There are 2 protein chains.
Amino acid sequence: MTVLILTCEEDVTADMVVVHLHESGVPVVRLDPADLTGSVALSGEYVHGSFRGHLSSGGRMVSIGGLRSVWVRRPGSPAGRAAEPSAWLTEESGQALYGMLRGSEARWMNHPDAARRARHKPWQLRLAQQCGLPVPATLITTFPRAAREFAERYPDLVVKPVSGAHPQDPPRAVPASRVPPETDFAAVAFGPTLLQRRVPKRADIRLTAVGERLLAARKATAVNADPGDVDVRFTASAEPWRPAEVPPRVAEAVREYLRSSQLAYGAFDFAEDGDGTWWFLECNQSGQFGFVEVDTGQPIARAVADWLARPDPADRVQPGGADTAVI
Amino acid sequence: MTVLILTCEEDVTADMVVVHLHESGVPVVRLDPADLTGSVALSGEYVHGSFRGHLSSGGRMVSIGGLRSVWVRRPGSPAGRAAEPSAWLTEESGQALYGMLRGSEARWMNHPDAARRARHKPWQLRLAQQCGLPVPATLITTFPRAAREFAERYPDLVVKPVSGAHPQDPPRAVPASRVPPETDFAAVAFGPTLLQRRVPKRADIRLTAVGERLLAARKATAVNADPGDVDVRFTASAEPWRPAEVPPRVAEAVREYLRSSQLAYGAFDFAEDGDGTWWFLECNQSGQFGFVEVDTGQPIARAVADWLARPDPADRVQPGGADTAVI
């Protein structure tokens, strides 16, 4: 049974995982959907009530029925590197490739439906609440009056994008930033705005979940840190990430979040306040883990490889609940 | 409890359903996400572990917690009609709107995840097979040799797009058409191609499924029909659609298809052969029904209204299986 990795050619994180898979002797096929219909080809036949499908990459052939798991890492746009690329060819190629893979019984990290749903920040916040994770008071609104009223209750606010990254090419991350006092909020009427109570933090927490394994890392906030620097991705810091214990209640809530969201992988960001409480900020279903592994030495790539290689179907995390057989 | 209809302004099909909802006294809010952030506004607050959200359309306010059901009919692109539209504003507005709605407990026709998955033709074919529906022998391939070999086994073939509609603006339906004998198939290497055994048909069947209700219509093939006209959407015909009985085995299989795909609505197309067998061609999760209702007098709009109005949560068809509470 083969592990299929969908990613672009230059992907150091995938390389790290492939090393472990090779060590354990598990067959791996790695391909970029962008290489359809060049070095990547596909074929699937529906005859007499059954399906037989194949993928080929660089001349290597793999049966879709023989896939153990599919890792959706950083796949390119289907047929994006075709000789004559077009929106139509991309649509046809994407439907053919993912449509066939969706009919397989392989385990997904992460399933495309679960991944898409998990990107919705408002949904993340609600799910985190329901799982019992502390969520800082948050407002998403296009009503200036609602924003003003919220700012009266929570004067110390940060503003963030609702959706994550700005869709330019390449996509650009938009930093969370502090809302100055006396902000007018009239512009809220022109686009949904996410306002969140700022958590006075003593550390950032990155919790990487791989199936049932939870690996947490902590980066202490520098004593002389500017309280205006709220987004750890954009602040230089001499503090390294260090391994951290996951409090049992957080572990339980995170596992519930993964079960409910049907994610096999998630990178959770928390802010740790002065009391040691971990406040849920977001869960990125495709978050990077290389920088944490480098700082902490935690075996995250190894955990990913183990999950992908695992033959046990009992651990399947798949959208569709009871109907996984036909997903 | 309110029914929310997401659709564009000019939508006669939605009008038909709204008439029935008004008759039964069920509150309805109809809005087009394209009108964010003009006449449509939203606000959602996550405080103390709970969520309170509101939508407003043309000055009418509705609580997200008070939604009974959401009908995703023909919604425009979020913020598509904003004063200064942009990909970024569309992304932010879509995440805010659908992210909040996904956190509600309303029933969906259809849920966005189920709808997206259901558009994959290769997945449809596999699911139809697994539900026991007869599927004409089909090949989806980028291998010319596989296409040639398939054409030897099944000399009478049609070719169709894998994905459905050509993504031009407005999208254009691509007709299925017959494959001439002696076709070379070399071009298959440049894009995935769907080849399917042509069913010599004596009628087209359109089966509209609304929750548990199945309404089938049949359009007899004209005696002098050109066998090259394989796509009923593109052939003029004096034959009207007439109501048809659904064979019990087909009904059972279609209900299984709906359960597995988690669709509340689906428009199934079949070809009826000389033996009376219904061959599955596709299931369009957003297929039109107005033309069938006009010809047959079948109460499809009424069935949709009844489903949307139904207070019974036991009928919920939602992605997420056992975890619907947090979807």
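Analysis parameters
Residues numbered from 1 in each chain as written. Chains lettered and ligands numbered in written order. Predicted model: local features only at pLDDT ≥ 70, side-chain atom pairs only at ≥ 80, totals over all residues. Heavy atoms only, no water. Helix = DSSP H or I, 4+ residues; strand = E, 2+ residues; numbered from the N terminus. Rg over C-alpha atoms; globule rule 2.2 N^0.38 Å. Buried < 20%, exposed > 50% of the residue type's maximum accessible area, 1.4 Å probe, protein only. Contact = heavy atoms within 4.5 Å. Areas by Shrake-Rupley, 256 points an atom, 1.4 Å probe, with all protein chains shown as cover. Buried area = accessible area lost by both parts, 1.4 Å probe. Salt bridge = Lys/Arg side-chain N within 4 Å of Asp/Glu carboxyl O. Polar contact = N/O pair within 3.5 Å; in protein donor to acceptor, adjacent residues only side chain to side chain. Nonpolar A, V, L, I, M, F, W, Y, C, P; charged D, E, K, R; others polar. Pairing = 2+ DSSP bridges. Axes fitted to C-alpha atoms, helices over the stretch in contact; angles between N-to-C directions. Phe/Tyr/Trp six-rings, centres within 6.5 Å; stacked < 30°, edge-to-face > 60°. Lys NZ or Arg CZ within 6 Å of the ring centre and 35° of its normal. Arc of directions from axis to C-beta.

### A few points about the overall build of chain A
From N to C terminus, chain A includes eight helices and 18 strands. Compactness check: chain A gives a C-alpha radius of gyration of 22 Å against a globular reference of 20 Å for 327 residues, within 12% of the reference. For the C-alpha atoms alone, the extent of chain A along its principal axes is close to 65 × 40 × 40 Å. Taken over 327 residues, chain A has a buried fraction of 56%. Here the contacts in chain A between residues at least 6 apart in sequence split such that 69% fall between residues at least 24 apart. For chain A, the exposed area adds up to about 13800 Å²; of that, 52% sits on carbon and sulfur atoms.

### Structural notes on the interface of chain A and chain B
Counting from both sides, the interface comprises 76 residues of chain A and, opposite them, 76 residues of chain B. In total, about 6200 Å² of surface goes out of reach between chain A and chain B, with carbon and sulfur atoms giving 57% of it. Joining chain A to chain B, the criterion identifies six salt bridges. Across the pair D113 of chain A and R116 of chain B runs a salt bridge whose closest N-O atoms are separated by 3.6 Å. Counting across the chain A and chain B interface gives 24 residue pairs in polar contact (both at pLDDT 80 or more). In terms of residue count, the dominant contributor to the side of chain A that touches chain B is helix α2 (residues 87-102) of chain A (12 residues). Of the residues belonging to the side of chain A that touches chain B, the class tally is 37 nonpolar, 25 polar and 14 charged.

### What about the side chain of S104 of chain B?
Along the chain, S104 of chain B turns up in the loop between α2 (87-102) and β7 (107-109). Reaching out from S104 of chain B, the side chain makes a polar contact with the backbone nitrogen of A106 of chain B at a distance of 3.2 Å.

### What to know about the sheet that holds strand β8 (residues 138-141) of chain A
In spatial order, the strands read β12(A)-β9(A)-β13(A)-β8(A)-β3(B)-β4(B)-β5(B); together these seven strands make up an open sheet with antiparallel pairing. Either end of the sheet is taken by a strand with one partner, and the two such strands are β12 (177-178) of chain A together with β5 (60-63) of chain B. Inspection of the sheet shows β8 of chain A paired to strand β3 (residues 40-47) of chain B by four bridges, in the antiparallel sense. Paired with T141 of chain A across the two strands is S43 of chain B, which belongs to β3 of chain B. Those strands touched by helix α4 (residues 121-130) of chain A are β8, β9 (157-160) and β13 (193-197) of chain A together with β3 and β4 (50-57) of chain B, and its axis lies near 30 degrees from that of β3 of chain B.

### Focus: the packing of aromatic side chains
Taken as a whole and assessed by the stated rule, the structure comprises 20 aromatic pairs over all chains. Seen from their ring centres, Y257 of chain A and F268 of chain A are 5.1 Å apart, and the 75 degrees between their planes marks the pair as edge-to-face. Of this pair, Y257 of chain A sits in helix α6 (residues 248-261) while F268 of chain A sits in strand β17 (residues 265-273), and the two are 11 residues apart along the sequence. Of the two residues, Y257 of chain A and F268 of chain A, both sit in the buried class. Between F268 of chain A and F280 of chain A, the aromatic rings sit 6.5 Å apart at their centres with planes inclined by 65 degrees, giving edge-to-face as the arrangement. Of this pair, F268 of chain A sits in strand β17 while F280 of chain A sits in strand β18 (residues 278-284); the two residues are 12 residues apart in sequence, bridging distant segments of the chain. As far as burial versus exposure is concerned, F268 of chain A and F280 of chain A are alike and both buried. Three or more aromatic residues joined by ring pairs make a cluster, and in this case those are Y257, F268, F270, W278 and F280 of chain A. The side chain of R197 of chain B reaches across the aromatic face of W279 of chain B, ending 4.8 Å from its centre.

### A word on helix α5 (residues 144-153) of chain B
Among the residues making up α5 of chain B, those that are buried are P144, A147, F150 and A151 of chain B. For α5 of chain B, the angular spread of buried residues about the axis comes to 125 degrees, placing them on one side. Along α5 of chain B, exposed side chains directed more than 90 degrees from the buried face belong to R145 and E152 of chain B. Its buried side turned inward, α5 of chain B meets β3 (40-47) of chain A together with β8 (138-141), β9 (157-160) and β13 (193-197) of chain B.

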